[in-house]
Amino acid sequence: MKSVRYALLLALAPLLLNAEEAPERKGLRDALYLEEVKRDSDAAASAYAALIEGYTQQQQVAATAMFRLAEIRRIQGRKDESIALYQRLIAGFPQAVAEITIAKENLAALGGKLPEVGVVAVDKEELELQRLIKLNQSSPDLIHLELESAVNNGYLRIVKWLMKDLAVIDREKSCLCIAVQNGNAEMTKLLIDLLGPSLQDQLQNALYDSCSDGYREITRILLGAGADPRVDPRLANAGAKTVKSHPGQIRLDGYFPLANALYHGRFEVADLLLEAGASTNSIEGEERVTPLAALLCSDHKEKEEYFKKLIEKGADIHTKLHVTYWPSRTPNSSKVIVSNLLSLALLTGDVEIAKILIAKGAKKDGPDLFSCLGEVIARQWEVVELLIGAGADPNAKAYEDLSLLALAYRERNEKVFALLLAKGANPNVDSRQKTDPDEYVESLAVKSASDGRWSEHMQLLKAGAQPKGQYYIDQFFRSNKNSQDISLADVKMMVERGGIPRKDWMDSNFPGANNEVKAYLREKFSDANKKRSQENLNQE
């Protein structure tokens, strides 16, 4: 028995000799002393019970801390880390009921699996570190290939070990951007400290990515490290992203950090950039993208307020743009150049932005204001109504030199058609573009008669349209189910402007016309008149 006690005392010796031990180690030493030296089992039992209670409390603190850390990683978008932490919490702290309940829900939402009962979740970073240590011992020439993977996985200890202890460098100059794209602020800070000279080669592109994704804290870190919100990343590093406008859509995210943040609706990031000196009037590239232009093309629902905010901060609404756009989706269609914000608002169909621009004095008399209108969608027509109502030229040209009036007719927008005529649009316009200068093209008045669109035809005549030569009027009665409502006065106006009936319709006694109209047409187009009318028209 003495030998057993002696062995226990030997085991206790390190505790007795440690002058700066932790409180729990001191408690264990005291309990062992009471049990083995003093032989006071009751006092020793009380001491052990106190240690267990303290451990239980520490377990709860640790469980809460682990849960909160998992929540932070989940919010930061660091999915793998948050899953691993939730799994460790569930497996290692079964007494933390409240935390585990929420952890299970979040784990399921992230697509993670519940750990097996009694199995503690594996620390993946530790396993990876042990693998890399062995790799460095066996094949040190390959260890540099592991840096990007470690950054991508968020392994802070491994990255620090590789770069600080083994002097591994970021050969591809991509690690900072990887950390930023993953939303990993801690990794971003670590790399800023460790990258050395290659940091400057990555800062601007990293800032671009941070602005795209809306990482406010990472943006703050990058700005603090020297990233310049006024610099195009193409000037800092070759191989930049492209800005393209395609048929039926427009993309203007830009290269400058501010334009990029605005296009993606990252307004908190934009505030940081403005505070750091970003210009509200930067102009970039051949397309001359400005912050206002980039914001206008955003689909963020709160962009109108920030648009006004930029103008208040000095953004110029009159800056000339040079945005390339294809209004038609047909092959080999021609492109147009959108040169001002009002045309851009029309192109995107943004009524609210158009209202702001008009209120701020944007010019409405540009010759190419409506040139982007080809295949028109409903919200673009709303902007057309707004612009015409605000004084824009009703005789302006749309895509490929087609008149707005002919476009409204082609697209069957009766509301805009009537508005244009009411605002003074020329009713004597061609129905479509000429493919050759000498080509004959029907006037819109004749075209509306051929199509049997009586309402538009009468609007044109009442606005002063003078059809070229004679034209047939019977299509109005053949295709209009309400043809009985066509009045004698309207028919007389058509006849005065050159309208005549076809022979087969006359021979059938003008079917579709009311009796008053029939009587007038029979009188007007007697047998003698029939012959003259047909000769003049060169019967089809």
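For the structure itself, consult the block above.
This section reports on the structure supplied with the text. (Residues numbered from 1 in each chain as written. Predicted model: local features only at pLDDT ≥ 70, side-chain atom pairs only at ≥ 80, totals over all residues. Heavy atoms only, no water.)

## Quick notes on the overall build of the chain
Right, so step 1: Check the secondary structure of the chain and you find 29 helices and 4 strands.
Right, so step 2: In the chain, 65% of the contacts between residues at least 6 apart in sequence involve partners at least 24 apart.
Right, so step 3: By element, 50% of the accessible surface of the chain is carried by carbon and sulfur atoms, the whole surface being about 27,900 Å². (Helix = DSSP H or I, 4+ residues; strand = E, 2+ residues; numbered from the N terminus. Contact = heavy atoms within 4.5 Å. Areas by Shrake-Rupley, 256 points an atom, 1.4 Å probe, with all protein chains shown as cover.)

## Regarding the packing of aromatic side chains
Right, so step 1: This model, assessed by the stated rule, comprises 4 aromatic pairs.
Right, so step 2: Between F267 and Y306, the aromatic rings sit 4.8 Å apart at their centres with planes inclined by 10°, giving stacked as the arrangement. Placement of F267 in helix α15 (residues 267-275) and of Y306 in helix α17 (residues 303-312) is noted, with a sequence separation of 39 residues between them. The same class applies to F267 and to Y306, which are both buried.
Right, so step 3: Between the aromatic rings of Y409 and F417, the centroid separation amounts to 6.2 Å while the plane-to-plane angle is 50°, which identifies the pairing as tilted.
Right, so step 4: On the basis of relative accessibility, which here comes to 3%, the residue Y409 falls in the buried class.
Right, so step 5: Here the aromatic residues F477, W505 and F510 are joined through ring pairs into a cluster of three or more.
Right, so step 6: Over the ring of Y409 we find R453, and its NZ or CZ is 3.6 Å from the ring centre. (Phe/Tyr/Trp six-rings, centres within 6.5 Å; stacked < 30°, edge-to-face > 60°. Buried < 20%, exposed > 50% of the residue type's maximum accessible area, 1.4 Å probe, protein only. Lys NZ or Arg CZ within 6 Å of the ring centre and 35° of its normal.)

## Focus: helix α22 (residues 414-422)
Since the α-helix packs 3.6 residues into each turn, any two residues three or four apart lie on the same face.
Right, so step 1: Within α22, burial applies to V416, F417, L420 and L421. One side of α22 carries all its buried residues, which in axial view fall inside an arc of 135°. Across from the buried face of α22, at angles greater than 90 degrees, the exposed residues are K415 and A422.
Right, so step 2: Residues of α22 that are buried in the fold lie against α20 (378-389), α21 (404-410), α23 (444-450) and α24 (454-462).
Right, so step 3: G424 sits one or two positions beyond α22 and adopts a positive phi of about 100°. (Arc of directions from axis to C-beta.)

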